[in-house]
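Structural description and commentary
Now for the letters of each chain:
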Amino acid sequence: MKIKKALKKYIWLLVGLVILVAFWFSLPRPLFNAPTCFVVKASNGQLLSAAIAADGQWRFPIADTVPDKFVKCITSFEDKRFYQHWGVDFLALARAIKINTKNQKTKSGASTITMQVIRLSRNKPRTLWQKTIEMALAFRLEISYSKAQILALYASNAPFGSNVVGLEAAAWRYYGRQASTLSWAEMATLAVLPNAPSLIHLGKNRLVLLKKRNALLDKLNTQNTIDKSTCQLAKLEPIPHSPLALPQNAPHLLDRFKQDFSTLKADKTLLISTINQALQLNVARIIKRYHQQYKANGINNAAALVLDIETGNTLAYIGNIYEPQNPEMESHVDMIKAVRSPGSTLKPLLYASMLSDGMLLPNTLIADIPTQIGGYTPQNYDLGYDGAIPAAKALSRSLNIPAVKMLQQYKYERFYQQLKKLGITSLNNPADFYGLSIILGGCETSMWQLSGVYASMARTLNHYPQHPQQYNFNDYHAPQYIDIQNKNEQLNTTSVLDYGAIYYTFVAMQEVMRPGEELLWEQFSSSQKIAWKTGTSFGFRDGWAIGLTSKYLVCVWVGNADGEGRPELTGIKTAAPILFDIFDLLPASAPFVIPYRNMAKVLVCKKSGYRASMYCAGAEDVYMPINALKSALCPYHQLIHVNKTKTYRVNSACANTDNMLHINWFVLPPAMAYYYKIRHPDYEALPPLSPTCTDEQDAYRPIELIYPKNNAKIYIPIEIDGNKGKVIFNAAHRNTQSKIYWWLDDVYISTTFNLHELALNPSIGKHSITLIDDRGNRLMQVFEVLGK
């Protein structure tokens with residue numbers, strides 16, 4: 001008998017334990033599984049954009065806090081003993097049973113806010129059995145959740161009419177602003193809706209809703225939650241007329257957040273971004289204003305990105321114009337992410353790389369003459385030639401031929417790898433696919449990547465005072481739209497680019513003049529010094545402008561999302577005006593720091609820009625990037641021997657050394673000299689060799705064929721009249737008074753004097769061209785005419 005009683009006791013204990021365990025695990029986690037809206041907010045918490053949830057409901061992610069006004073309103077209206085009970089209000093339950101029994105129908109409910117949270121999460125038919133389960137689960141909910149958490153669950157999941165779920169979504173749909181800013185009248189209106197969400201219907205039930213709201217306001221006044229005057233004024237406020245559209249001030253960032261969501265490992269579909277709300281709105285207005293102007297020329301799209309240099313945080317993200325009502329505008333395409341031809345915007349990166357490696361100095365002369373490299377013939381924007389131009393000026397004027405000459409020296413394979421190190425990740429083809437054209441935009445990148453590279457360079461330079469002899473590897477990173485603090489330093493003695501190279505690159509970029517636009521640049525007045533670069537892709541498909549100060553970076557793209565080119569679609573004419581208007585919105589920045597401790601004093605030839613040789617007539621000691629000490633000596637200043645009148649060059653084989661003068665002379669190759677002296681009338685040509693000296697003794701080549709180069713392959717197009725065209729052969733001679741006799745395939749064709757140009761129509765195939773001057777100097781080269 002005792003064993004039987006003990007067994008019975010244990011069975012009941014086991015049953016009780018099972019019930020207790022079942023009770024404990026009866027609450028599902030998470031409580032709500034319904035899809036929520038993707039929401040993007042600015043750094044100050046203000047809503048920028050939102051997208052409707054997958055089930056067609058406006059349901060924002062669960063909020064962490066609930067506005068105090070709503071707490072007071074909802075507890076007064078729905079559950080006045082909310083803070084006293086444990087999920088079930090037995091006094092209200094007894095009252096409801098008494099009233100409903102007396103009226104033989106349901107006239108009063110007893111559901112607490114906690115029970116309503118359970119009902120909303122389960123979405124079951126409202127039967128007596130389900131009510132009983134709700135009461136049990138409400139008690140269980142109260143054990144694990146605080147009152148504030150329960151209110152947050154309720155406020156985020158209660159129905160507010162139509163397809164609006166949750167307080168925050170309702171505040172934006174009915175009042176156009178966040179819930180924390182609502183008035184007592186507005187909050188009271190929303191508090192009565194979950195009890196009867198059908199009250200919000202255009203043109204219907206408005207009087208019933210008004211009475212319910214005013215009754216709640218009176219109740220709040222009676223409870224001394226609000227005073228009498230506040231209550232009276234609140235009653236004068238109107239109730240909402242119709243749902244409002246939610247803000248769409250960052251639609252492309254919203255789309256990006258949706259696409260990146262799975263990789264971000266976020267716990268909710270809410271993004272508190274790094275966007276500066278005021279700046280975002282102002283930049284959007286600028287883009288819209290210029291779009292109205294540009295679309296008359298068939299230019300339909302524009303984008304702008306603003307970054308904080310120190311953090312890489314995105315301050316403004318305008319991925320495109322926003323005109324969803326006009327599908328032909330393709331405004332849904334995020335051009336900040338889109339991969340496009342960058343035009344000339346990579347030139348500063350080549351310049352910086354060569355400075356960093358000691359391959360040139362800022363004012364090193366670069367050849368700017370007609371050039372053909374393996375069938376590739378680059379041309380400058382103005383179709384002119386300088387002969388020779390300082391590298392910094394070639395960059396500021398965005399000349400194409402010097403850039404190609406520089407890349408030919410640096411090697412495109414090496415530059416390809418350098419771009420990847422800097423952060424250009426979109427080069428999906430091998431280096432040989434791009435070749436030398438990579439420097440003129442013959443590759444692909446995005447605004448996001450390009451901005452990240454330039455911001456990383458500026459960030460590195462800004463950190464020079466903290467560690468002058470070291471570099472933080474973590475300074476190079478992509479932009480970010482979520483504030484991720486990474487203060488870990490990974491210091492190294494070397495970097496992709498050194499401090500001095502970055503500084504001199506930004507100095508060159510602060511020269512804003514462009515070829516063909518000498519007067520246009522003056523329109524861009526700015527209170528601060530900005531390092532900037534424009535770019536235009538082949539076929540006038542993309543207009544770029546990227547600029548930065550020590551604090552901010554701005555990148556602008558203008559064009560057509562479908563790649564259609566348009567006349568006048570250049571970086572200088574379309575993107576640059578937007579760039580400077582955006583910079584006018586930003587605070588002034590301090591100048592770029594000069595990294596003296598990471599530079600070396602170098603004796604530089606004033607005329608050639610090279611490291612001064614013993615023959616340089618004028619040189620100065622200047623601070624240069626540290627690897628400038630490895631750069632080449634000036635090749636253009638040479639020691640020549642002339643007669644006493646300085647009219648002829650002589651040598652020991654044809655003149656007495658006692659009658660010689662030894663002079664340092666600036667000597668350019670014939671082709672460079674030919675164009676250089678046009679822009680530099682003070683250039684002194686090399687004196688001719690004395691008639692008493694034989695040409696074999698002349699160390700300086702007098703003739704150079706400018707076009708075509710030796711072993712060139714050329715194609716002669718058909719003219720508009722159907723006849724085969726002609727190709728211009730161009731040569732230069734050191735002595736402007738010399739005659740040149742031209743021979744094509746050993747057949748004499750013509751003689752030129754002073755201007756050595758001939759229009760020829762050689763047949764398809766291989767040929768030789770021979771030039772002989774009036775002193776018998778001879779130059780012979782070969783070329784090939786292609787059939788197609």
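Below is a short write-up of the structure. (Residues numbered from 1 in each chain as written. Predicted model: local features only at pLDDT ≥ 70, side-chain atom pairs only at ≥ 80, totals over all residues. Heavy atoms only, no water.)

A count of helices and strands for the protein chain gives 21 helices and 26 strands. At 39 Å, the protein chain has a C-alpha radius of gyration far larger than the 28 Å of a compact globule built from 788 residues. Its C-alpha atoms put the protein chain at 135 × 65 × 60 Å along the principal axes. Burial status across the protein chain gives 52% buried among its 788 residues. The positive charge centre, built from 83 side chains, and the negative charge centre, built from 60, are 16 Å apart in the protein chain. (Helix = DSSP H or I, 4+ residues; strand = E, 2+ residues; numbered from the N terminus. Rg over C-alpha atoms; globule rule 2.2 N^0.38 Å. Buried < 20%, exposed > 50% of the residue type's maximum accessible area, 1.4 Å probe, protein only. Lys, Arg positive; Asp, Glu negative; His and termini not counted. Charge placed at Lys NZ, Arg CZ, Asp CG, Glu CD.)

Here we take up the pattern of salt bridges. Summed over the entire model, instances satisfying the criterion amount to 16 salt bridges. Here Asp64 ties to Lys268 by a salt bridge, and the two come within 3.5 Å at their closest N and O atoms. Of this pair, Asp64 sits in the loop between strand E3 (58–59) and helix H2 (68–78) while Lys268 sits in the loop between helix H11 (251–264) and strand E5 (270–272), and the two are 204 residues apart along the sequence. Residue class for Asp64 comes out exposed when judged on its relative accessible area of 70%. Notably, a salt bridge pairs Lys235 with Asp218, separated by 2.5 Å at the nearest N-O pair. Here Lys235 is found in helix H10 (residues 228–235), whereas its partner Asp218 is found in helix H9 (residues 206–222), with 17 residues between them in sequence. If you follow the salt bridges from partner to partner, you end up with Asp382, Asp386, Arg397 and Arg679 in one network. (Salt bridge = Lys/Arg side-chain N within 4 Å of Asp/Glu carboxyl O.)

Moving on: the state of the cysteines. A complete count under the given rule lists one disulfide for this structure. The disulfide partner of Cys654 is Cys693, and the gap between their sulfur atoms is 1.5 Å. Across the S-S bond of Cys654 and Cys693 the torsion is about 60°, and the bridge reads as right-handed. Taken together, the residues Cys654 in the loop between strand E17 (637–643) and strand E18 (660–666) and Cys693 in the loop between helix H21 (670–679) and strand E19 (703–707) connect sequence positions 39 residues apart. Look at Cys654 and you get buried, because its relative accessible area is 17%. Using a relative accessible area of 3% as the deciding quantity, one classes Cys693 as buried. (Disulfide = S-S within 2.5 Å.)

Pairing is mixed across the open sheet formed by three strands, whose spatial order is E2-E1-E5. Single-partner strands in this sheet number two, and they are strand E2 (47–51) and E5. If you compare each strand with its neighbour and ignore which way they point, the axes differ by 10° on average. Contacts from H11 reach strand E1 (38–41), E2 and E5, with the element oriented near 125° to E1. (Pairing = 2+ DSSP bridges. Axes fitted to C-alpha atoms, helices over the stretch in contact; angles between N-to-C directions. Contact = heavy atoms within 4.5 Å.)

Looking at where Tyr471 falls in the secondary structure, it is placed in strand E10 (residues 471–472). Overall, Tyr471 belongs to the buried group, its relative accessible area being 4%. Sequence separation of Tyr471 and Ser495 is 24 residues, and the distance between their C-alpha atoms is 6.1 Å. For Tyr471, the residues in contact, after removing those within four places along its chain, are Thr460, Gln490, Leu491, Asn492, Thr493, Thr494, Ser495, Leu497, Asp498, Tyr499 and Asn598. A distance of 3.1 Å separates the side chain of Tyr471 from the side chain of Asn598, its partner in a polar contact. (Polar contact = N/O pair within 3.5 Å; in protein donor to acceptor, adjacent residues only side chain to side chain.)

Another aspect to go through is the side chain of Ser341. Within the fold, Ser341 resides in the loop between strand E7 (314–318) and helix H13 (347–356). From its side chain, Ser341 meets the backbone oxygen of Gly441 in a polar contact 2.6 Å long. The contacts of Ser341, once residues within four sequence positions are left out, are Gly441, Cys443, Ser537, Asp542 and Trp544.

Before going further, it helps to spend a moment on helix H15 (residues 400–410). Judged by how many residues are buried, H15 sits mostly within the fold: eight of 11 residues are covered. Listed as buried for H15 are Asn400, Ile401, Pro402, Ala403, Val404, Met406, Leu407 and Tyr410. Buried residues along H15 sit against H13, strand E8 (365–368), strand E9 (387–390), helix H14 (391–396) and helix H16 (412–422). Looking one or two residues past H15, Lys411 carries a phi angle of roughly 85°, positive in sign.

Looking now at the environment of Arg397. Checked against the element boundaries, Arg397 lands in the loop between H14 and H15. Polar contacts involving the side chain of Arg397 include one to the side chain of Asp386, which spans 3.0 Å.

Let us look at the packing of aromatic side chains. In this structure the tally under the stated criterion is 25 aromatic pairs. Between Tyr290 and Tyr294, the ring centres sit 5.8 Å apart and the planes meet at 40°, which makes this aromatic pair tilted. One end of the pair is Tyr290 and the other is Tyr294, both in helix H12 (residues 277–294) and four residues apart, which spans about a single turn. For the pair formed by Tyr290 and Tyr294, the shared burial category is buried. (Phe/Tyr/Trp six-rings, centres within 6.5 Å; stacked < 30°, edge-to-face > 60°.)

The subject of this paragraph is the nonpolar core. By size, the foremost hydrophobic cluster in this structure holds 87 residues, and its most contacted members are Leu349, Tyr351, Phe415, Ile439, Met457, Phe506 and Leu553. Ranked by residue count, the leading element in this core is helix H18 (residues 447–462), at nine residues. Apart from the residues lying within four places of it in its own chain, the contact partners of Leu553 are Leu305, Val306, Leu307, Ile309, Ser451, Tyr454, Ala455, Ile546, Gly547 and Leu548. Tyr154, Ala169, Leu220 and Leu246 belong to the second largest nonpolar core, which has 60 residues in total. (Core = buried A, V, L, I, M, F, W, Y, C linked by side-chain atoms within 4.5 Å.)

In space, the three strands of this open sheet follow the order E19-E21-E24, with antiparallel pairing throughout. In this open sheet, the two edge strands, each paired with only one partner strand, are E19 and strand E24 (757–760). Geometrically, the sheet is characterised by an average inter-axis angle of 25° between neighbouring strands, direction not taken into account. Two elements, E19 and strand E21 (residues 727–733), share four bridges in a ladder whose sense is antiparallel. Across the sheet, residue Ile703 finds its bridge partner in E21, namely His733.

The interhelical angle for the contact between helix H4 (residues 113–122) and helix H5 (residues 128–144), taken along N-to-C directions, is 115°, at an axis separation of 8 Å. Viewed along their axes, H4 and H5 adopt a mutual orientation that is roughly perpendicular. Like other packed secondary-structure pairs, H4 and H5 cross with a definite hand, here right-handed. Together, Thr114, Met115, Val117, Ile118, Arg119 and Arg122 of H4 and Gln130, Lys131, Ile133, Glu134, Met135, Leu137, Ala138, Leu141 and Glu142 of H5 make up the contact between the two elements. (Parallel < 35°, antiparallel > 145°, perpendicular 65-115°, else oblique. Left-handed = near helix turned anticlockwise from the far one by under 90°.)

Now for the pairing of strand E15 (residues 599–605). Among the seven residues of E15, five are classified as buried, and the element is accordingly described as predominantly covered. The pairing of E15 with strand E16 (residues 619–625) spans seven bridges and is antiparallel. From the neighbouring strand, Val602 faces E16, where its bridge partner is Val622.

It is the contact of H2 with helix H6 (residues 147–157), at a shortest axis distance of 12 Å, that shows an interaxial angle of 85°. Classified by the angle between their axes, H2 and H6 sit roughly perpendicular to one another. Across from Phe70, Val71, Ile74 and Glu78 in H2, the residues of H6 making contact are Leu151, Tyr154 and Ala155. Looking at the contact of H2 with H6 residue by residue, the classes come out as six nonpolar, no polar and one charged. (Nonpolar A, V, L, I, M, F, W, Y, C, P; charged D, E, K, R; others polar.)

Another point: unusual backbone geometry. Note: most residues except glycine have negative phi, and most peptide bonds are trans. The omega torsion across Tyr707 and Pro708 is -5°, close enough to zero to call that bond cis. By the secondary structure assignment, Pro708 is in the loop between E19 and strand E20 (712–715). Of note in this structure, Phe540 is not a glycine but carries a positive phi near 55°. Accessibility expressed as a relative area gives 38% for Phe540, which makes it partly exposed.

The next thing to look at is helix H7 (residues 167–175). A large share of H7 lies buried, amounting to eight of its nine residues. Residues of H7 that are buried: Leu167, Ala169, Ala170, Ala171, Trp172, Arg173, Tyr174 and Tyr175. On its buried side, H7 packs onto E2, E3, H2, H6, strand E4 (164–165) and helix H8 (184–192). Among the residues trailing H7, Gly176 stands out with phi positive, at a value near 70°.

Function cannot be read off these values alone, since they describe shape.
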